[in-house]
Amino acid sequence: MATASAHSEGAELGRYLRARRTRTSPGHVGLTVGTGVRRTPGLRREELATLAGISIDYYVRLERGKETRPSPAVLDSLARALHMDDQEHQHLRELAARAARYAPEPPPAPSRTVRAHLKLLLESLRPHPAYVISRSMDVLAWNPGGLALYAGLEDWPAKHRNLARYLFLHPAARDLFPDWDRQVTGCVARLRAVAGTAPDAPDLTRLVGELLLKSPDFAGLWERYEVTGRKPAQKTFRHPRIGTVTLTSQSLHVEGAPGQRIGVYTAEPGGPDHDALLLLDMTAPRPAEPPAAAPETA
């Protein structure tokens, strides 16, 4: 079992390297190419090996998952050759650590229980839309605007509400976001980054398996293996009830609740976007389970 697991982790490292190599153009890394037709998209294996200062045979073994213990110096060289940013470089290190079987202890299992005081916090943020989501983007709790902002999401059963599922499978999502392409690219990148540290987690594998089956758009982005989610500070919604609004987004990790984050959208008080949020809050369906006010026990 240990050998099979190590091979699996090495294969994941190899898939990531191959995805980055095939998406890196020779010109981007300073190579001059001839006028002939290149059958290989992006860099050839030998080109990347040369740029990184390692042997071609060693690199091929890395990409095929047969070499699972690259040194930190090799990883740094590959990251530089592929012009990886800090987040992509860190993801490469994490995959290599898992492949070499010296990864740190896995993170705690994600919690799906939202504490009572967090539900009260969501209510206190009204009329600003706010919600709590899991690492796999399940919507675990919300205030009225937090649910209503994603037009049509309230029509799904609570256990089915997931922001990634919404973006790719809900018919209203493409109309809601003028920059839908950028939204889904960032969404998949964030899921890829999480999957790199917990590739066998049931919550992630179920969601990814469903979206690979049901959405060709998701499948194409998943194969690109981007892990940098460039989330803009502002996001524009074309909402069917309140019109077009541009809101500032903020995401916060929840202390003591592994995998949970609070998402909040704000607008400057007194402006038209804030007025639209007031309207959304007043007309939104009430939460199915109002926040409990009882104090928590240790």
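Here the structure is a predicted model, which means the values were calculated and not measured.

Q: Which residues make up the packing of helix α5 (residues 86-99) against helix α10 (residues 180-197), and what are the values?
A: Contact geometry for α5 and α10: axes closest at 9 Å, N-to-C directions at 30 degrees. Classified by the interaxial angle, the pair formed by α5 and α10 is roughly parallel. Crossing handedness for the pair α5 and α10: left-handed. Packed against α5, whose contacting residues are Gln87, His91, Glu94, Leu95 and Arg98, the element α10 presents Arg192, Ala193, Gly196 and Thr197 at the interface.

Q: Just give me the short version of the pattern of salt bridges, but keep the residues and values in it.
A: Per the stated rule, a full pass over the model turns up 17 salt bridges. The closest approach of N and O atoms between Arg126 and Asp281, which form a salt bridge, is 2.8 Å. Here Arg126 is found in the loop between α6 (116-124) and β1 (130-133), whereas its partner Asp281 is found in helix α13 (residues 272-283), with 155 residues between them in sequence. A relative accessible area of 9% places Asp281 in the buried class.

Q: Could you give an account of the packing of aromatic side chains, naming the residues involved and the relevant values?
A: Applying the stated criterion to the full structure yields 12 aromatic pairs. Relative to Tyr150, the ring of Tyr131 has its centre 6.0 Å away and its plane inclined at 70 degrees; by these criteria the two rings are edge-to-face. Here Tyr150 lies in the loop between α7 (144-148) and α8 (163-169) and Tyr131 lies in strand β1, a separation of 19 residues in the sequence. The interplanar angle of 20 degrees and the centroid separation of 5.5 Å between the aromatic rings of Phe218 and Trp222 together place this pair among those described as stacked. With Phe218 and Trp222 both in helix α12 (residues 216-224), this residue pair falls 4 residues apart, about one helical turn. The exposure classification of Phe218 matches that of Trp222, with both residues buried. Site record: aromatic cluster; members linked through ring pairs are Tyr131, Tyr150, Trp156, Tyr166, Phe177, Phe237 and Tyr265. Lying over the aromatic face of Trp222, Arg192 brings its terminal NZ or CZ to 3.9 Å of the ring centre.

Q: For the confidence of the model for the protein chain, give the residues involved together with the corresponding values.
A: Across the protein chain, the average pLDDT comes to 84, with 84% of residues at or above 70. For the protein chain, the element scoring lowest by mean pLDDT is helix α1 (residues 2-22), at 70; α8 scores highest, at 97. In this model, residues 1-7 is a region of pLDDT below 50 whose contacts with residues beyond four sequence positions or in other chains number 5 contacts. The model gives residues 290-298 a pLDDT under 50, and that stretch makes 10 contacts with residues more than four places away or in other chains.

Q: I'd like a rundown of the pairing of strand β5 (residues 261-266), residues and numbers included.
A: A regular strand places its side chains so that they alternate between the two faces of the sheet. Among the 6 residues in β5, 5 count as buried, and that is most of the element. Pairing of β1 with β5 involves 4 bridges; the strand directions are antiparallel. Within β5, the position partnered with Tyr131 by the bridge is Gly263. When strand β4 (residues 243-253) meets β5, the two strands line up antiparallel, connected through 6 bridges. Following the sheet pairing, Gln250 is matched in β5 by Val264.

Q: Give a description of the pairing of strand β2 (residues 139-142) that names residues and reports values.
A: Direction of pairing for β1 relative to β2: antiparallel, over a ladder of 3 bridges. Paired with Tyr131 across the two strands is Trp142, which belongs to β2. Hairpin connection between β1 and β2: a loop of 5 residues separates the two successive antiparallel strands, and Met137 in this loop has a positive phi of roughly 75 degrees.

Q: Please provide a residue-by-residue account of the nonpolar core, values included.
A: Residues Tyr150, Tyr166, Phe168 and Leu191 are the most contacted members of the largest nonpolar core, which totals 45 residues. Contact partners of Leu191, with chain neighbours within four places excluded, come to Arg135, Ser136, Met137, Ala164, Leu204, Leu207, Phe218 and Trp222.

Q: Outline helix α4 (residues 72-81), listing residues and values.
A: Within α4, burial applies to Val74, Leu75, Ser77, Leu78, Ala79 and Ala81. Taken from the residues just after α4, His83 is the one with a positive phi, measuring 55 degrees.

Q: Describe a nonpolar patch on the surface, naming the residues involved and giving the relevant values.
A: Together, Leu278, Leu279 and Met282 line one region of the surface with nonpolar side chains, adding up to about 290 Å² of accessible area. Looking at the element boundaries, Leu278 is found in helix α13.

The rules we used
- Residues numbered from 1 in each chain as written.
- Predicted model: local features only at pLDDT ≥ 70, side-chain atom pairs only at ≥ 80, totals over all residues.
- Heavy atoms only, no water.
- Axes fitted to C-alpha atoms, helices over the stretch in contact; angles between N-to-C directions.
- Helix = DSSP H or I, 4+ residues; strand = E, 2+ residues; numbered from the N terminus.
- Parallel < 35°, antiparallel > 145°, perpendicular 65-115°, else oblique.
- Left-handed = near helix turned anticlockwise from the far one by under 90°.
- Contact = heavy atoms within 4.5 Å.
- Salt bridge = Lys/Arg side-chain N within 4 Å of Asp/Glu carboxyl O.
- Buried < 20%, exposed > 50% of the residue type's maximum accessible area, 1.4 Å probe, protein only.
- Phe/Tyr/Trp six-rings, centres within 6.5 Å; stacked < 30°, edge-to-face > 60°.
- Lys NZ or Arg CZ within 6 Å of the ring centre and 35° of its normal.
- pLDDT = per-residue confidence, 0-100.
- Pairing = 2+ DSSP bridges.
- Core = buried A, V, L, I, M, F, W, Y, C linked by side-chain atoms within 4.5 Å.
- Patch = residues over 30% accessible without salt bridge, like charges linked within 9 Å, V, L, I, M, F, W, Y side chains within 5 Å.
- Areas by Shrake-Rupley, 256 points an atom, 1.4 Å probe, with all protein chains shown as cover.

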